[in-house]
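This is what each chain is made of:
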Amino acid sequence: MVWPFKPKVQVIEQKKAGSVFDMLWPSQPTKAGLVVTPELALQQSTVFACVRTITETVGQIPLHAYVRNADGSVERDRASAFHRMFTKAPNDWTTAYDFRVSMQADVLLHGGAFALIQRDGADNPRFLRQLPARSVHMEENNITGEPRYRVTLSEGGNRIYRHRDILHIKGLMGLAITTQIKEAIGLALQQETELAQSLSSGQRPAGILAFENAMTDDAISRAQKQFQSLGKNKGTAVVDGSAKYHPLGIAHADMQFLELRRHQVAEIARAFRVPLHMLQELERITHQNAEQLGRQFLQFTMMPWLKAWEQEINLKLMPEDGSAYAEFLTDDIAKADLAARMEAFAKAVTTGILSPNEVRAMENRSPYPGGDEFLRPLNMEGADNAETES
C-alpha cells in the first residue's frame, strides 16, 4: 500500500478541544525569577550539550529486528516494515535518525515522546508519525485502568487513541529532566545574564591610573583621553604628574563567580548523567579515567534509554507471540576504537565465539570461502573427552 493512505487506528472518542491552556503544561517561576520552558532550557549551553549528547547517541546506534526460527536460531530481519522504519525512514518525510533524535529530545524536555502507529489492513505497523508532546495527554480508562491517549488536533478538537496505537517513550515516571532541575537551569541562565550585562556595561575597569600629586580637571581629562586612545592607536601614552598605572587582576569575588558557574555545569550534567569530559569540561580528566567514564556513559546513561525504546517497540510493534524482537546493536559505539575492536574480534574468533565471516559481516565486509568455520584452541577439548581419557 502506497503512502498516503487512511491510517487504520481505532479512534475511541472525538470531541471539541478545550482551552488553549490545556495544551500547555503549568510551569512556576524559579527562585531566580525565570519560567524555565523547554525552549528556554535549551538556550543554556550545558543543557543543550547534554540533550545533544544523549539524542545523537540514540540516533546513531543501529536498531535491528531479529526473527526467532523454529530451531532456536536467530537471524536479522531485513525484509520487514520495521527494518525500513528504523533503518531508513518511519514515513516519507522523516529519516530514521531524525525520528529517533527528535523523539528522544521530547523525552528529555517534556518527559515523554509520542508517535502515532499507522497500520495496514492486516493490522501490521507500516508507518510512524511523531506527535507534538504538548498535544498528547495520557489518561486511564475508568473501568479497565488501561491507558489511552487524548491528542489535541491542530485543526481543532481532540481524539482518543488506544494504548497500542501510540508509541510512547517515557522518561522517569513521565517527568521531564529540565522541569526537575529548573532551579539549577534558572540559576545558570541568570549567571550568564549577569556576566553579559557586566561585560556590556563595562562595570569593571581594566586598571587604575593613580597620581601622586593633585591634578587639575584639564590634566585628568587629557590623561583619560590618552589612555582611551591607547587601545585604538597602539601607541604610547604620555602623562604628567607622576602617574602610575595599576592593572586590575581577577578579584576573589570573580573567582568565586567562575567557580559557581563551573559548579552549575556539573549540577546540570549530574541530572542528565552525562560525564563532564563529554561536555568539554576536562579539568580533572585523564586518559585512563576518560576511557572508564566512556564505558560508564554507555552502561549507566544510554542503556536505560535504549531498554525503554526496545521494550516499548517490542510491546506495540512486534508480534505478541515473541517470534520477532527489536534490539539496539551497541557494539557500533566501540567502532571508534580500532585497536580495541580488532583485539576483541581476534579473541572472539580464536576462542570459537564468532566465525571469521561473522566478524566480516559486522564490519560490512564480504565473506570469503572457509570463513564460516569456527576455530578452537588446540589445548582445549570437551569435558566429556577429558573424563573418558582419565
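Right above here is the structure, for reference.
Residues numbered from 1 in each chain as written. Predicted model: local features only at pLDDT ≥ 70, side-chain atom pairs only at ≥ 80, totals over all residues. Heavy atoms only, no water.

(A) The arrangement of the pattern of salt bridges in detail. One pass over the structure, following the stated rule, counts 13 salt bridges. Across the pair Arg-52 and Glu-56 runs a salt bridge whose closest N-O atoms are separated by 2.9 Å. In this pair, Arg-52 and Glu-56 both sit in helix H2 (residues 45-60), 4 residues apart, roughly one turn of the helix. Taking relative accessible area as the criterion, Arg-52 reaches 47% and is therefore assigned partly exposed. Members of the salt-bridge network, linked through shared partners, are Arg-119, Asp-123, Arg-162, Arg-164 and Asp-165. (Salt bridge = Lys/Arg side-chain N within 4 Å of Asp/Glu carboxyl O. Helix = DSSP H or I, 4+ residues; strand = E, 2+ residues; numbered from the N terminus. Buried < 20%, exposed > 50% of the residue type's maximum accessible area, 1.4 Å probe, protein only.)

(B) Spotlight on the sheet that holds strand S3 (residues 74-76). As summarised here, the arrangement of the 3 strands in space is S3-S2-S12, forming an open sheet in which the pairing is antiparallel. Each edge of the open sheet carries a strand with a single partner, namely S3 and strand S12 (324-328). Taken over all neighbouring pairs, the strand axes of this sheet differ in orientation by 35 degrees on average, direction set aside. The pairing of strand S2 (residues 63-68) with S12 spans 5 bridges and is antiparallel. Paired with His-64 across the bridge in S12 is Glu-327. (Pairing = 2+ DSSP bridges. Axes fitted to C-alpha atoms, helices over the stretch in contact; angles between N-to-C directions.)

(C) Quick look at H2. With 16 residues, H2 should cover 22 Å at 1.5 Å per step; its first-to-last C-alpha distance of 22 Å lies within 8% of that length. Those residues of H2 not exposed but buried are Thr-46, Val-47, Cys-50, Val-51, Thr-53, Ile-54, Thr-55, Thr-57, Val-58 and Gly-59. With a side-chain oxygen lying 2.9 Å from the backbone nitrogen of Thr-46, the N-terminal cap of H2 falls on Gln-44. (Expected span 1.5 Å × (residues − 1). Polar contact = N/O pair within 3.5 Å; in protein donor to acceptor, adjacent residues only side chain to side chain.)

These values are about where atoms sit, not about what they do.
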